[in-house]
Amino acid sequence: MNTIRRERYLESYEERSEIFRTALLRATLAFGTGFILLPLMIVAIYSFSEVAYGIFPPPGFSTKWYAHLFAQATFRGAFFRSVGIGISATTIALLVGFPTSLALARTRLAAGNFLRAFILSPIVIPKIVLGVGWFIFFARISLIGGWIPLILAHTVIVLPFVVAILTANLSGLDPTIEEAAQDLGAGFVKVLWYVILPQIKSGVIISALLAFIVSFDQVESSIFLVRGENNTLPIEMFLYMEKWQDPTIAALSTLLIGFAAVITCATVAISRGIDLSNLLPTLGGKKSTR
Amino acid sequence: MLATSNQEVEVQLVEVTKRFGDVTAVESVSFTVHKGEFFSLLGPSGCGKTTTLRLIGGFEFPDTGEVYLNGRPMGRIPPNRRETNMVFQRLALFPHYSVFENVAFGLRMKRVPEAEIRRRVTTVLEMVQMSGFETRRITELSGGQQQRVALARALVNNPRVLLLDEPLSSLDLKLRLQMQEELKRLQRDLGTTFIYVTHDQGEALAMSDRIGIMNNGRLLQVGSPMEIYEHPSTPFVASFIGDTNLIQGSVDFVDEEVTAITASGLHLLVKRAGWETPGDQVYVCIRPERILMNSDRETGNVLHGKIQERLFKGHFVQYRIHVGPFTLQTTIPYGGSNRIFGMGEEVTISWDPHQAVLLQADEEGRNFDGYSPSRRDERAERTASTR
Ligand SMILES: Nc1ncnc2c1ncn2[C@@H]1O[C@H](COP(=O)(O)OP(=O)(O)OP(=O)(O)O)[C@@H](O)[C@H]1O
Ligand SMILES: [Mg+2]
């Protein structure tokens, strides 16, 4: 009798703790999501304000700040510059990062771990320090201004993301599958093209999107490398805000939020089906080689 | 001798050694496989079978020695430039391709025209009974179906030599037996040279023209299944192929035709091997079905024992009999005039000295533990009796 009652008690205790746990999780999720989304929503609402000064809620709504935004040639130029730099940096990072990742994923040498740490280090180094360093470096070789310093700097910054994701993907591959392809007559290039790349396709796409977003977002690392004529979009926004406080920046931000949302949705859609937990150990730099 | 249709040499290994760090996976292995032959490599886990196959396929290169394919030394020629195809132990199918594309891969690499690819893939899928699965993804197949796709993917290329690494290991017994027959039939029809790795002695005995027995990276014996069964060269081979009784003893004296052995007080006669001298430590290997029980045709070795265990196996009955310090295993066909002995019954057992084989108790002799149940019993028995 006693044990039965005890079991029942335990059962209901477990049930109750289960319900409590679920409720706690949901509340945390709601709070976290709200914490992230609310400021963005305020920016979005503010961008439709009728007045030029900061007041919330706005006294009336209009789309005039969007019209004002599109009239600014500097923003348009900076946007395309940022996109161009982002695409270039991402492309170079992929071209350099893929072979690097392949080597890191396949090597058994202790040197592999040092190399990996070195390549991943820009993630933890303060960007402003990198920015100053590049300024001195590019000034020495008289290469300040134009796209090239920005593209190179951004490549170094996005490379760790590409390498982290691709090494995780490549480490997960079964090397005997490549041996099988070789056995069936495929040389190195064909193995790469028909066997390795198709298997890590989603990793390549995700790392490219992530690299692009990271590049697009750079301010501190780029601020010393621009000379007005080659301002990137975030820097142009920064400069505008130093002079004006009207909702034009809010309008631009709202568009960029939409832009980011599209990229994020694309990433999620692509990554569905691949195991994201795969990425974690290597991002931490622990999972070394197979 | 089982006939190999043609005595042309297809594959030859000469003194091949392969080390991985401290582990010597393959040690000084030499053998020859003829064109159209079904050659099996048999041995326990970790003995170097896969490594030997990978050396032939070009996935590993020998540290010393040489692999010859069709008379040509292979050196460091990579797998894509060898006329071999491999069915991998872990299958290694392409997860991102359909069944059809998996099988077509080898032909595509060789730029075979599309129409011919279609025809050959269809034919080979029929052959392995996988028609209708062309558009399936690999992940949507059962283990047995995957194994058949792996087989088809290699077969479709018509390789000179097909290397198979335990290709049937993940199949259930019924399908495995069926696929064994299928494979054997395919091999006969195509005339392809098969080098087949397995750790299942039944499979090797049933399918092979010749078998190579490996242990600890070394090739112990090569021969037809019957040769190996009749004349095992080491105690390890004897206990690995078929059931056997191994009786340890030492040579008493050597006569013209027979040799006398003393084994823990028992006196036995065995056919003379030729190498033995008095005092040698040896094993007498006698197969369970060669031992007669209460027979009126008693010859040579006659011993008295007591039935310890009886197992009914359908078409035969298996006994374990205590004879002095040993436990010997016998099998008697069930039915006919053979009577069934009871537990604990006293019996006389006998065998013709010419049915037994004398083996050297050498280094190999220490490595066969676990492959001969009667031997294990005997040892336990012996420790018990000495206490
Ligand atoms: N790449 C490698 N690196 C280090 N050691 C290896 C490697 N490949 C094989 N070995 C070692 O070599 C020995 C032989 O391995 P092999 O795979 O040839 O055995 P096997 O006979 O195929 O075994 P199984 O029946 O279990 O497949 C083993 O001791 C194994 O641990
Ligand atoms: Mg193996």
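Residues numbered from 1 in each chain as written. Chains lettered and ligands numbered in written order. Predicted model: local features only at pLDDT ≥ 70, side-chain atom pairs only at ≥ 80, totals over all residues. Heavy atoms only, no water.

## Here's the deal with the coordination of the magnesium ion (ligand 2)
Residues and elements named next belong to chain B. What counts, and what does not: The donor set covers N, O and S atoms within 2.8 Å of the metal, switching to 3.2 Å for Na, K and Ca, and it leaves out water, so a site may look short of donors. For the purposes of this entry, the term helix denotes a DSSP run of H or I that reaches at least four residues, the term strand denotes a run of E that reaches at least two, and both are numbered from the N terminus. For every residue, the accessible area obtained with a 1.4 Å probe (protein chains only) is divided by the maximum for its type, and the residue is called buried under 20%, exposed over 50%, and partly exposed between those limits.
In this structure, Thr 50 (OG1) and Gln 89 (OE1) serve as the protein donors to the magnesium ion (ligand 2), at separations of 1.8 to 2.5 Å. Highlighted residues: Thr 50 in helix H1 (residues 49-57) and Gln 89 in the loop between strand E6 (84-87) and helix H2 (99-109), separated in sequence by 39 residues. According to the relative accessible area criterion, Thr 50 is partly exposed, its value standing at 25%. Residue classification places Gln 89 among the partly exposed positions, given a relative accessible area of 37%.

## Details of the domain arrangement of chain B
When the parts come together, some accessible area is lost, and that loss is often what is quoted as the size of the interface. Applicable threshold: Residue ranges assigned to each domain were obtained from an automatic or database domain assignment.
Here the domain parsing of chain B yields domain 1 (9-230) and domain 2 (244-361). For domain 1 of chain B and domain 2 of chain B, the distance between their C-alpha centres works out to 39 Å.

## Comments concerning the interface of chain A and chain B
The criterion, for reference: The contact rule is simple, with two residues in contact once any of their heavy atoms fall within 4.5 Å. Reported buried area values correspond to the accessible surface (1.4 Å probe) lost by two parts on association, with both partners' losses combined. Within this document, salt bridges are pairs made up of a side-chain nitrogen of Lys or Arg and a carboxyl oxygen of Asp or Glu, the two lying within 4 Å of each other. Each residue is assigned to one of three groups, with Ala, Val, Leu, Ile, Met, Phe, Trp, Tyr, Cys and Pro labelled nonpolar, Asp, Glu, Lys and Arg labelled charged, and all others, Gly among them, labelled polar.
Between chain A and chain B, the contact holds 17 residues from the first and 23 residues from the second. When the two sides are added together, the surface that chain A and chain B hide from each other amounts to roughly 1700 Å², 59% of it contributed by carbon and sulfur. The largest share of the area that chain A buries against chain B comes from Glu 179, Asp 183 and Leu 184 of chain A, three residues that together contribute 38% of it. For the interface between chain A and chain B, the tally reads 2 salt bridges. Contributions of two or more residues to the side of chain A that touches chain B are made by helix H7 (175-183) and helix H8 (188-199) of chain A. Here the side of chain A that touches chain B is built from residues that sort into 8 nonpolar, 5 polar and 4 charged.

## Topic: the state of the cysteines
For clarity, the threshold we go by: Cysteine sulfur atoms that come within 2.5 Å of each other are treated as a disulfide pair.
Here the structure, examined in full by the defined rule, presents 0 disulfides over all chains. Not part of a disulfide, Cys 285 of chain B finds its nearest cysteine sulfur in Cys 47 of chain B, a span of 20 Å.

## What to know about the nonpolar core
Across soluble globular proteins, you tend to see nonpolar side chains buried next to one another. Put simply, the test is: We call a set of buried Ala, Val, Leu, Ile, Met, Phe, Trp, Tyr and Cys residues a nonpolar core when their side-chain atoms join them within 4.5 Å.
The biggest cluster of nonpolar side chains holds 70 residues, and the ones touching the most others in it are Phe 31, Phe 94, Phe 105 and Ile 195 of chain B. In terms of residue count, the dominant contributor to this core is helix H6 (residues 148-171) of chain A (10 residues). The contacts of Phe 105 of chain B, once residues within four sequence positions are left out, are Ala 181, Leu 184, Ala 186, Tyr 194 and Val 195 of chain A together with Phe 94 and Tyr 97 of chain B. If you look at the next biggest cluster of nonpolar residues, it comprises 37 residues, including Leu 93, Met 130, Val 149 and Val 156 of chain B.

## Quick word on the confidence of the model for chain A
The condition that has to hold: Every residue gets a pLDDT, meaning the predictor's confidence in that residue, from 0 to 100.
Of the residues in chain A, 91% have a pLDDT of 70 or more, and the chain-wide mean is 85. Low pLDDT, under 50, characterises residues 275-290 of chain A; the predicted model gives this stretch 32 contacts beyond four residues in sequence or across chains.

## Here's the deal with the sheet that holds strand E18 (residues 326-333) of chain B
Residue and element names in this part refer to chain B. Heads up, the rule is: When DSSP finds two or more bridges between a pair of strands, those strands are recorded as paired.
Read from one edge to the other, the open sheet built from 5 strands follows the order E15-E19-E16-E17-E18, with strand pairing classed as antiparallel. Unpaired on one side and paired on the other, strand E15 (292-293) and E18 mark the two borders of the sheet. Bridge count between strand E17 (residues 316-323) and E18: 8 bridges; the pairing is antiparallel. Each residue of the ladder has a partner; that of His 322, found in E18, is Thr 327.

## Re the pattern of salt bridges
Residue and element names in this part refer to chain B. This model, assessed by the stated rule, comprises 20 salt bridges over all chains. Glu 101 is the partner of Arg 108 in a salt bridge, and the nearest nitrogen-oxygen pair spans 2.8 Å. Under the relative-accessibility criterion, Arg 108 is labelled partly exposed at 28%. Several salt bridges converge on common partners, so that one network encompasses Glu 101, Arg 108, Glu 114 and Arg 118.

## Concerning the packing of aromatic side chains
Residues and elements named next belong to chain A. To keep it simple, the criterion reads: Stacked, edge-to-face and tilted are the three classes for Phe, Tyr and Trp ring pairs, Trp counted by its six-membered ring, which pair at centre distances within 6.5 Å; planes under 30 degrees apart are stacked, over 60 edge-to-face, the rest tilted.
Following the criterion strictly, the structure yields 22 aromatic pairs over all chains and no others. For the pair Phe 79 and Phe 216, a centre-to-centre distance of 6.1 Å together with 75 degrees between the ring planes defines the contact as edge-to-face. You can see Phe 79 sitting in helix H3 (residues 73-106) and its partner Phe 216 sitting in helix H9 (residues 201-216), a full 137 residues away along the chain. Residue classification places Phe 216 among the buried residues on the basis of a relative accessible area of 11%.

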